[in-house]
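Residues per chain are reported as follows:
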Amino acid sequence: MVRALPQESHQVEAVGDEGSALAAIARKAPQVIIFSVPAKGGPDLARRLRGVENAADAYLLAVLDGTPPAKELSSLISAGVHDFMRRPFSNVELLERVKAPERLLRWSRSLSKPGAFDFSGALDVASLRAWRNLGRLVADDLAEMATCLVTVTQGYPAHLGVEAPCATIAMSLASDQLELRLSLVADPAAAAWIRQTLLRDPEAPDSAMHDALRELANTAGGALKRAALAETIILSTGIPRDESAARFPGKHDCWSLDLSPGSGCLGLVGEIRKHHNERISAEQLSEGMVLAHDIRSEGGVLIVAAGSRLTATSANRLAAMLGPRYFLEVAPAA
Amino acid sequence: MTARVMVIDDSMLVRRQVTAALKTPGYLVSEAIDGVDALEKLAELADMKLIVCDVNMPRMNGIELLERLNAQGSSVPVVMLTTEGQPELIHRARSLGAKGWIVKPFKPEFLVATAAKLAPLGA
Amino acid sequence: MPSGLFDSNPELELMDRHLKDVALELFAAYDVPIARCTAPAEDGVWRDTYCMASIGYVGQGLKGVLVLAASRAAAEAWTSAAGGEECDMADTVGEFSNMLLGRLKGRLLREGIPISLATPTTVVGDQICISVAPGASSWQFFEGPGWRLGTRLDAAFEPDFKRKTTPAPPIEAGDALLF
């Protein structure tokens, strides 16, 4: 096998037993692991090979004698084997099978090339009425909250610096691998207005003002979410948080929300970001991840719906219920 | 005459707003920052007459809290106070026994009226 | 297209119309001008087809498949545009079927026809052909610079299929419901 793989393009290490294999994997992370399936215990061997930390992303190619029963093949697949070869095999076949993971690697590299492929071509968020009217929607809710007048203009307030207080809320459209981020940035007069009007305490500490700004970001997220619902788009909302810098390098839409005359101005920024969902085991679930698909019981009963944002409670519950061999597609925590 | 209410929300501003709205007519308001905190405090506070609860919170959200309270056999009425408006969520809360759904930003008079209906003072 | 096909399938006509639009849109996004063209002679599709991708979809009371039949020149052109190599052609055609159906999904969502996509399967060979569609289906053909593309949209509607009507106005801030 070693001779069949060209030296110029392949770095091959050959070992004769499991112990040496595990040691070799631990020394240097392989991209492809080719192993002979023993008469008994093939799936367990595959699991042990996979279990080494360096082997987490390796492509497992199992070599079999003859055609084992379908049950064994599916056990091997469940154990993490990606592909099979039967003895006797030709060098050409070996080369072709080893090329597969190379193609996958090239594919993932081409995905990161700008404009290579547009996997989110499904949904053009910027064309949604909810998005186009976002400034007005948020302004209306703010006005409701504080019983004041809020005027909206397109464009980011020029006087807002990077150091201005900023709160962000991320909203996920997991099935389309999109994340929407809304940020609210306050100028000093708006920060004072927040203290005076919302907190009713002109001396309220910064922490309280930031908390209130986060709640305003939450309100903005809620306004977008409800408006998107009217266009049959369901967004998953995250927990609002502070941003250390009011910086928006990518493509974004912005509005200026001017509070009752003299009460300052809030910048509202909407960013649409693409992300790649991850495929992870139920054990790796954690707070903030968003499910990209429904989870159903064997009988087809819906346990958790697609788009659900996990809390620590639900992540632990699902991990315990589904176990480490259940794989799910999730949008990463924002 | 008073009645004890718990407000559960990770936002201090919202907790303040709810407290301000309910203190005026005479309610005694306790606060919790999320579902986990609420369960700990509810175990210690007697005689809770009403819970006003956000949906999206870290650690344990409002729906999960409703499930827990049900499992414990709690009879305290729960009203959700949230930016969410998704019908499926509203139905889920209702099926878990929630008594109401108020969308933030809320009108204080609606909250007071809801409290008066579900946890009348002096009852 | 058999005459009268769309008479009993107004939804298929709608889907077909959107498919044409998103195909033009997709290639325009890669600066590749394409245009609708007439169907080739009966076996012309198969003679020309080098790579065929099929991707299933399902909605409420609706299911079907989108098939993309690409000539070799088409597969080569798209693969080169995406920076791939000859061995990537099958994957490229699969991805284009995915992007096409993905864009169609966005359009249909706004028409009250939400669908979910499966993953594409691609076949490469000479003169490959497929079986006749089990139910309603519609072919469209497009020409690009030096290549040809055929799309076949199959759709099976359940008797109780209904487009989703515009939902009721969303619940507003300040609204309160008591159960």
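Remember, it's a predicted structure, so these values are computed and weren't measured experimentally.

J.: I'm lost on the nonpolar core in this one. Help?
T.: One recurring pattern in soluble globular proteins is that nonpolar side chains are buried together. Leu-184, Ile-194, Ala-220, Leu-224, Leu-257 and Leu-268 of chain A together with Val-5 of chain B are the most contacted members of the largest nonpolar core, which has 107 residues in total. Looking at this core element by element, the count peaks at eleven residues for helix α8 (residues 206-229) of chain A. Here this core gathers at least three residues from each of two domains, domain 2 (125-274) and domain 3 (278-331) of chain A. Residues within four places of Val-5 of chain B in sequence aside, it is in contact with Leu-22, Tyr-27, Val-29, Lys-49, Leu-50, Val-52, Ala-115 and Ala-119 of chain B.

J.: I'm lost on the sheet that holds strand β15 (residues 327-331) of chain A in this one. Help?
T.: The strands that make up a sheet pair up through hydrogen bonds in the backbone, lying either parallel or antiparallel. Residue and element names in this part refer to chain A. Reading across the sheet, the three strands line up as β11-β15-β12 and stay open at both edges, with antiparallel pairing between neighbours. Strand pairing shows two members of the sheet lacking a second neighbour, β11 (278-281) and β12 (290-291), which therefore form its edges. Bridging between β12 and β15 involves two bridges; their strand directions are antiparallel. Paired with Leu-291 across the bridge in β15 is Val-330.

J.: Explain the environment of Ala-93 of chain B here, please?
T.: Residues and elements named next belong to chain B. Mapped onto the secondary structure, Ala-93 falls in helix α4 (residues 87-95). Classification of Ala-93 by C-beta neighbours within 10 Å gives buried; the count is 25. In this structure, the C-alpha to C-alpha distance between Ala-93 and Leu-66, residues 27 residues apart in sequence, is 7.5 Å. Beyond its immediate sequence surroundings of up to four residues, Ala-93 is in contact with Ile-63, Leu-66, Met-80, Ala-98 and Trp-101.

J.: Before we go on, may I ask you to explain the environment of Ile-63 of chain B in this structure?
T.: Residue and element names in this part refer to chain B. Its place among the elements puts Ile-63 in helix α3 (residues 62-71). Here the alpha-carbon distance between Ile-63 and Ala-93, two residues 30 residues apart in the chain, equals 6.4 Å. Residues within four places of Ile-63 in sequence aside, it is in contact with Val-55, Arg-92, Ala-93 and Leu-96.

J.: Can you help me understand the interface of chain A and chain B in this one?
T.: Interfaces are often sized by the accessible area lost when the parts come together. Across the boundary between the two partners, chain A contributes 25 residues, which contact 18 residues of chain B. For the side of chain A that touches chain B, the secondary structure elements donating two or more residues are α6 (134-146), α8 and α9 (312-322) of chain A. For the side of chain A that touches chain B, the element with the most residues is α8 of chain A, which contributes twelve residues. Of the residues assigned to the side of chain A that touches chain B, the class counts are nine nonpolar, eight polar and eight charged.

J.: Would you mind going over the pairing of strand β3 (residues 62-71) of chain C with me for this structure?
T.: Within a regular beta strand, the side chains point alternately toward one face of the sheet and then the other, so they alternate between its two faces. Residue and element names in this part refer to chain C. The buried fraction of β3 amounts to nine of the ten residues, a majority that puts the element mostly inside the structure. As defined by bridge partners, strand β2 (residues 49-59) adjoins β3 across ten bridges and the pair is classed as antiparallel. Considered in β3, the bridge of Ala-53 is made with Leu-68. The antiparallel pairing of β2 with β3 creates a hairpin that spans two residues between the two strands, and Gly-61 there sits at a positive phi of about 80°. Pairing geometry for β3 and strand β7 (residues 147-157), over nine bridges, is antiparallel. Note that in β7 the partner of Val-65 across the bridge is Asp-154.

J.: What is the right way to read the pairing of β7 of chain C from this model?
T.: Residue and element names in this part refer to chain C. Where strand β6 (residues 136-144) and β7 come together, nine bridges link them in antiparallel fashion. Its bridge partner being in β7, Ser-137 is matched across the sheet by Asp-154. Here β6 folds back onto β7, and the loop between the two strands holds two residues, one of which, Gly-146, carries a positive phi near 80°.

J.: Can you help me understand the packing of helix α7 (residues 188-198) of chain A against α8 of chain A in this one?
T.: Pairs of packed helices are described in terms of their axes, by the angle between the two and the distance that separates them. Residue and element names in this part refer to chain A. Running from N to C, α7 and α8 cross one another at 90°; their axes reach a closest spacing of 10 Å. As the angle between them shows, α7 and α8 are arranged roughly perpendicular. On α8, the residues touching Ala-191, Ile-194, Arg-195 and Leu-198 of α7 are Met-209, Ala-212 and Leu-213. Here the contact of α7 with α8 is built from residues that sort into six nonpolar, no polar and one charged.

Here is what the cut-offs are and how they apply
Residues numbered from 1 in each chain as written. Chains lettered and ligands numbered in written order. Predicted model: local features only at pLDDT ≥ 70, side-chain atom pairs only at ≥ 80, totals over all residues. Core = buried A, V, L, I, M, F, W, Y, C linked by C-beta atoms within 7 Å. Buried ≥ 20, exposed ≤ 12 C-beta atoms within 10 Å, placed from the backbone. Helix = DSSP H or I, 4+ residues; strand = E, 2+ residues; numbered from the N terminus. Domains from an automatic or database assignment. Contact = placed C-beta atoms within 7 Å. Pairing = 2+ DSSP bridges. Nonpolar A, V, L, I, M, F, W, Y, C, P; charged D, E, K, R; others polar. Axes fitted to C-alpha atoms, helices over the stretch in contact; angles between N-to-C directions. Parallel < 35°, antiparallel > 145°, perpendicular 65-115°, else oblique.

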